[in-house]
Amino acid sequence: MTDFLRPILCNKCGKELKAQGEVVMEDFLYVNKKWGYFSGKDGRTQEFILCESCVKQLEKQFAIPSKWKDTTELL
Ligand SMILES: [Zn+2]
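Values in this document were obtained by computation on a predicted structure and should not be read as measured data.

Asker: Kindly report on the pattern of salt bridges, identifying the contributing residues and their values.
Answerer: On inspection of all chains with the given rule, the structure shows 2 salt bridges. For Glu26, the salt bridge is made with Lys18, and the minimal N-O distance between the two is 4.0 Å. Exposure remark for Glu26: the relative accessible area of 19% places this residue in the buried category. Within the structure, one salt-bridge network assembled from shared partners comprises Lys15, Lys18 and Glu26.

Shown next, in the form of structure tokens:
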């Protein structure tokens, strides 16, 4: 997993994710997207973090709901 600078902040609401030492106690969405040639973004890489509640807010705007799979291996 990528090393994140602390504090880890949600890009949408600015909330700091709870951490104890090295362990982040709240899960979050991490997006690392290298935009390609056809995107008009010059091949730049975009990075942002969303906390769980911001992901929930974002999903409410989805026309088509997220796909969900059961995760058998939890870390
Ligand atoms: Zn947030």
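Asker: How would you explain the coordination of the zinc ion if you had to name every residue and give the values?
Answerer: The protein atoms that coordinate the zinc ion are Cys10 (SG), Cys13 (SG), Cys51 (SG) and Cys54 (SG), at distances of 2.3 Å. Around the zinc ion sit 4 donor atoms, and with donor-metal-donor angles ranging over 106 to 115 degrees the site reads as tetrahedral.

Asker: A description of the packing of aromatic side chains should follow, citing residues and the corresponding values.
Answerer: With the rule as written, the count across this model stands at 2 aromatic pairs. Centroid distance Phe4 to Phe28: 5.2 Å. Interplanar angle 85 degrees. Geometry classified as edge-to-face. Placement of Phe4 in the segment before strand 1 (19-20) and of Phe28 in strand 3 (residues 28-34) is noted, with a sequence separation of 24 residues between them. For Phe4, a relative accessible area of 16% puts it in the buried group. Aromatic pair Phe4 and Tyr30: ring centres 4.7 Å apart, planes at 85 degrees, arrangement edge-to-face.

Cut-offs applied
- Residues numbered from 1 in each chain as written.
- Predicted model: local features only at pLDDT ≥ 70, side-chain atom pairs only at ≥ 80, totals over all residues.
- Heavy atoms only, no water.
- Salt bridge = Lys/Arg side-chain N within 4 Å of Asp/Glu carboxyl O.
- Buried < 20%, exposed > 50% of the residue type's maximum accessible area, 1.4 Å probe, protein only.
- Donors = N, O, S within 2.8 Å, 3.2 Å for Na, K, Ca; no water.
- Tetrahedral: all angles 85-135°; square planar, octahedral: opposite > 155°, others 65-115°.
- Phe/Tyr/Trp six-rings, centres within 6.5 Å; stacked < 30°, edge-to-face > 60°.
- Helix = DSSP H or I, 4+ residues; strand = E, 2+ residues; numbered from the N terminus.

Everything listed is a geometric property; what it means functionally is a separate question.
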